[in-house]
Amino acid sequence: MALSFFSLVTGLYVLHFSIALILVNKEVPQTRGMLYPRESETREVRSLDGIWNFVRSDQANPTQGVRDEWYAKELSKSRPTIPMPVPASYNDITTDNLRDHVGTVWYDRKFFVPRSWSKDQRIWLRFGSVHYEAYVWINGQKVVKHEMGHLPFEAEVTDFLNYGAENRITVMCDNALIQTTVPQGRITEVPNDGGMTIVQSYTFDFFNYAGIHRSVHLYTTPRTFIEEVEVTTNLSKDATVGEVFYSVSVNGSAANEADNVLHIQANLYDKEGILVANATSDQKLGGKLQVNPVKPWWPYLMHSEPGYLYQLEIKLLATNDELLDVYRLKVGIRTLSWNSQQFLINGKPVYFRGFGRHEDSDIRGKGLDNALMVRDFNLLKWIGANAYRTSHYPYSEESMQFADEHGIMIIDECPSVDTENFSQELLGKHKSSLEQLIHRDRNHPSVVMWSIANEPRTGSVSADSYFELVANFTRSLDKTRPITAAIAVPNTQDKAGRSLDIISFNRYNAWYSNAGRLDMITQNVIDEAIAWNKRYNKPIIMSEYGADTLEGLHMQPAYVWSEEFQTEVFSRHFKAFDELRKKGWFIGEFVWNFADFKTAQTYTRVGGNKKGVFTRARQPKAAAHLLRKRYFALGRDLDQCSFPDDLFTYIADLIS
């Protein structure tokens, strides 16, 4: 009997496991609109950032606010409220246990809409990011729901507003992560001193900050307006002539009138505001601009004028040349190409030198912080980096614009991290996260690669088909950029690499493996990189390496957690990288991490992850100075950049 029961259970398990492997390539919803809010002759933008009212739900009753219709009136009429800044994570603002709250929270605020906005205009409400899931009401009426942190969403609210009067916006935010969210997590109920409590757990190594993380805007458009602009660029072989291809989509009743043929006037201006190219499209609303001579977009330290941007002005005109709408965006003209050995920009091989990073700071958490963003870019340029990966989710649109302007290359990563337990529902959301990301960032010249996951469980049986579907879907959206993923499983177990264009791998020699053994780094790195290349015959990047370091801890000889140890770990990796560079297919090195950041509480983390070369307050550790010398030395060797005057400290005059 026991044998029969075992056979039955085993048979059901095998059947279930087999079914789980059958993944269908279903369609995902396509994003429309979502242009970054910009004022023009035809558009107005108003920020709703500031201090909002805030209420947390009971963890044991997260849907109470929906059932009791808290959105139908001011939140203060349902529960006592506290002030909460927007944008910001809510977790570190208060002095109570809000930090570890699991489930829903509520925001609201009032705002006025001028009477003038009611005339021949459409009004849109746009969120830069709410983590993780958001429900939004205007004056008690639901206007939009969105799932997926770190990405924007919007809704037309023209018919929901009171013009020349006061309005109320209410937002419910849910931070719960489960096995079908992106990223994944688990919710469990466990006993505590008071009975039972809800606990959120996740395997990724950064804190699950939540709230309204980026700016909230109201903006106006004409009745018929420019809804989307897609830009691609090209260069002549000698890089003297540039081409800008543009395609425009229009939303509005005028677009459907047979006797009103809409067309586009496209004007391209250089940095000095001089018109360098223009064109008028037909009703297809697309065309090409040619720039001769052109100033290509180059990465930092690869050219004396990196990050050169033109301004593209798109004017939507009616048949009688009546101006309907105007939208402007920055354009960098460059080409990308890759093969089994190299990655090239404007025909020149690129060697990436940079970081994995996090959007993370004290108090604000993952909230947009312009001061911190500017400081970070100053440090990136100070240290000589030319790239970073948006580990492990899309970063703010403002930071992407800053990268464009400063010539910092971006490996743009979707929020899929530690991906496991593959399922049809997870696949759909994973693809949706990439669709939203590519739709948002496709026009940024700084974005040179898409990363479809970080440390996914690519050794599992279904990883092969799962990541083939994800990679092919990504290519269907953008064929102009290569695809990678940061892989942590051994190369012998990996099943996803065949679907990628560039192989990135994460490994922590002398830290998570052979802790403290500085003599077990260099050859291990060389051997693993060679093995990855031998298996897939593709360019290789080491996308993570490093060691936790407590600032101010000094020990000689080097010892784990000391600044000396982090410096030695870097130095041993540098030796490996220089050997690998000689082979022609090793194309980049990324330190983990740019700065210290917060994680979930654990005995292995003292206040968070300390692998940063900068502290959480953005001050350098000893390794930052070593890394700066490394990155500028590579810049001079590979790209003929000059050294900063303060790179080397004067020691002595040795001339006798």
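Residues numbered from 1 in each chain as written. Predicted model: local features only at pLDDT ≥ 70, side-chain atom pairs only at ≥ 80, totals over all residues. Heavy atoms only, no water.

Taking an unreviewed UniProt entry as the reference, the protein is identified by name as Beta-glucuronidase belonging to Drosophila mauritiana. Its UniProt record, at the heading Function (unreviewed entry), says of the protein: "Plays an important role in the degradation of dermatan and keratan sulfates." (UniProt positions renumbered as here; feature names shortened; annotations may be inferred.)

Check the secondary structure of the protein and you find 9 helices and 32 strands. Taken over the C-alpha trace, the protein has a radius of gyration of 26 Å; the compact-globule value for 656 residues is 26 Å, and the two agree within 12%. When its C-alpha atoms are laid out on the principal axes, the protein stretches across 75 × 75 × 60 Å. Out of the 656 residues in the protein, the part that is buried amounts to 57%. (Helix = DSSP H or I, 4+ residues; strand = E, 2+ residues; numbered from the N terminus. Rg over C-alpha atoms; globule rule 2.2 N^0.38 Å. Buried < 20%, exposed > 50% of the residue type's maximum accessible area, 1.4 Å probe, protein only.)

Glancing now at the nonpolar core. Within the largest apolar cluster, 93 residues are counted, with the highest numbers of intra-cluster contacts made by Phe355, Ile383, Ile452, Phe570, Phe586, Val613 and Leu627. Residues from two domains meet in this core; each of domain 1 (34-175 + 210-222) and domain 3 (348-639) gives at least three. Apart from the residues within four sequence positions on either side, Ile383 is in contact with Phe355, Val613, Phe614, Ala624, Leu627, Arg628, Tyr631 and Phe632. (Core = buried A, V, L, I, M, F, W, Y, C linked by side-chain atoms within 4.5 Å. Domains from an automatic or database assignment. Contact = heavy atoms within 4.5 Å.)

Here we come to the confidence of the model for the protein. For the protein, per-residue confidence averages 94 on the pLDDT scale, and 95% of positions sit at 70 or higher. A low-confidence stretch, residues 1-20 stays under pLDDT 50, and its non-local contacts, those more than four residues away or across chains, total 2 contacts. (pLDDT = per-residue confidence, 0-100.)

Glancing now at the sheet that holds strand S4 (residues 104-113). Overall, antiparallel pairing links the 6 strands, which are arranged S3-S2-S4-S10-S7-S8 in an open sheet. Strands at the two margins of the open sheet, each flanked by one partner only, are strand S3 (82-86) and strand S8 (141-147). Strand-to-strand, the axes of this sheet are offset by a mean angle of 30 degrees, without reference to chain direction. Pairing between strand S7 (residues 133-138) and strand S10 (residues 165-174): 6 bridges, direction antiparallel. Note on S10: the bridge partner recorded for Val136 is Val171. (Pairing = 2+ DSSP bridges. Axes fitted to C-alpha atoms, helices over the stretch in contact; angles between N-to-C directions.)

A separate point is the domain arrangement of the protein. Once the domains are mapped, the protein shows domain 1 (34-175 + 210-222), domain 2 (225-331) and domain 3 (348-639). The distance between the C-alpha centroids of domain 1 and domain 3 comes to 33 Å. With 21 residues of domain 1 at the interface, the matching set in domain 3 holds 23 residues. For the domain 1 and domain 3 pair, buried surface summed over both sides reaches about 1900 Å², with 51% attributable to carbon and sulfur atoms. Among the residues domain 1 hides against domain 3, the three largest losses belong to His150, Leu151 and Arg214. Together they make up 30% of the total. The interface formed by domain 1 and domain 3 contains 4 salt bridges. Here Lys429 and Glu147 are joined by a salt bridge, their closest N and O atoms 3.0 Å apart. (Buried area = accessible area lost by both parts, 1.4 Å probe. Salt bridge = Lys/Arg side-chain N within 4 Å of Asp/Glu carboxyl O.)

What follows deals with the packing of helix H3 (residues 370-383) against helix H9 (residues 622-639). One can describe the packing of H3 onto H9 by two numbers: an axis separation of 8 Å at closest approach and a directional angle of 60 degrees. Taken together, H3 and H9 sit at an angle that is classed as oblique. Where H3 approaches H9, its residues Lys381, Trp382 and Ile383 are matched on the opposing element by Ala624, His625, Leu627, Arg628, Tyr631 and Phe632. (Parallel < 35°, antiparallel > 145°, perpendicular 65-115°, else oblique.)

In this section: the packing of helix H7 (residues 522-536) against helix H8 (residues 563-581). Following both chains from N to C, one finds H7 and H8 inclined at 35 degrees, their axes separated by 8 Å at the closest point. The handedness of the crossing between H7 and H8 comes out as right-handed. Packed against H7, whose contacting residues are Thr522, Val525, Ile526, Ala529 and Ile530, the element H8 presents Arg572, His573, Lys575, Ala576, Phe577, Glu579 and Leu580 at the interface. A breakdown of the residues in the contact of H7 with H8 according to their chemical character gives 7 nonpolar, 2 polar and 3 charged. (Left-handed = near helix turned anticlockwise from the far one by under 90°. Nonpolar A, V, L, I, M, F, W, Y, C, P; charged D, E, K, R; others polar.)

Once that is clear, we can look at the pairing of strand S12 (residues 195-201). When strand S11 (residues 186-192) meets S12, the two strands line up antiparallel, connected through 7 bridges. Among the inter-strand pairings, Asn192 is bridged to a residue of S12, identified as Gly195. From the end of S11 to the start of S12, which pair antiparallel, there are 2 residues.

This brings us to the pattern of salt bridges. Applying the stated rule across the entire model yields 51 salt bridges. Lys110 is the salt-bridge partner of Glu166, the closest N and O atoms lying 3.7 Å from each other. Residue Glu166 is located in strand S10, and its partner Lys110 is located in strand S4; the two are separated by 56 residues in the primary sequence. Using a relative accessible area of 36% as the deciding quantity, one classes Lys110 as partly exposed. For Arg605, the salt bridge identified is with Asp548, shortest N-O distance 3.6 Å. One end of the pair, Arg605, is in the loop between strand S32 (586-592) and H9; the other, Asp548, is in the loop between strand S31 (540-544) and H8, with 57 residues separating them in the sequence. Accessibility classification places Arg605 together with Asp548 in one group, the buried group. Here the salt bridges do not stand alone but share partners, grouping Arg32, Glu227, Glu228, Glu230 and Arg442 into one network.

A few words on the UniProt feature "domain: Glycosyl hydrolases family 2 sugar binding" (unreviewed entry) in the protein. If you check UniProt for "domain: Glycosyl hydrolases family 2 sugar binding" (unreviewed entry), the listed places come out as residues 45-222 in our numbering. The span residues 45-222 is 2% helical and 47% strand by assignment, and the distance between its end C-alpha atoms comes to 13 Å.

Now for the pairing of strand S27 (residues 409-413). Most of S27 is tucked away, with 5 of its 5 residues classed as buried. Side chains Met409, Ile411 and Glu413 of S27 all project onto a buried face; the interleaved residues Ile410 and Asp412 project onto the opposite face, where all are buried too. Pairing of strand S26 (residues 387-389) with S27 involves 3 bridges; the strand directions are parallel. Following the sheet pairing, Arg389 is matched in S27 by Ile411. Pairing of S27 with strand S28 (residues 447-454), which is carried by 4 bridges, proceeds in the parallel orientation. Across the sheet, residue Ile411 finds its bridge partner in S28, namely Met449. Assessed by its sense of winding, the connection that carries the chain from S27 through helix H5 (residues 424-441) to S28 is right-handed. (Right-handed = clockwise from strand over helix to strand, strands pointing away.)

Enumeration according to the criterion identifies 40 aromatic pairs in this entry. Between Trp106 and Trp137, the aromatic rings sit 5.3 Å apart at their centres with planes inclined by 15 degrees, giving stacked as the arrangement. Placement of Trp106 in strand S4 and of Trp137 in strand S7 is noted, with a sequence separation of 31 residues between them. Like Trp137, Trp106 is buried. Positioned above the aromatic ring of Phe594, the side-chain terminus of Arg357 is 5.1 Å from the ring centre. (Phe/Tyr/Trp six-rings, centres within 6.5 Å; stacked < 30°, edge-to-face > 60°. Lys NZ or Arg CZ within 6 Å of the ring centre and 35° of its normal.)

Turning our attention to helix H6 (residues 463-477). For H6, which comprises 15 residues, the first-to-last C-alpha distance of 21 Å matches the rise-based estimate of 21 Å (1.5 Å per residue) to within 8%. Buried within H6 we find Ala463, Tyr466, Phe467, Leu469, Val470, Ala471, Phe473 and Thr474. Buried positions along H6 lie against H5, S28 and strand S29 (483-487). (Expected span 1.5 Å × (residues − 1).)

Our focus in this paragraph is unusual backbone geometry. Between Gln556 and Pro557 the backbone carries a cis peptide bond, its omega angle lying at 5 degrees. Tracing the sequence through the fold places Pro557 in the loop between S31 and H8. Following Trp592, the chain continues into Asn593 via a peptide bond in cis, with omega recorded as 15 degrees. Inspection of the secondary structure assignment puts Asn593 in the loop between S32 and H9. Positive phi outside glycine occurs at Ile363, with the angle close to 75 degrees. According to the relative accessible area criterion, Ile363 is partly exposed, its value standing at 47%.

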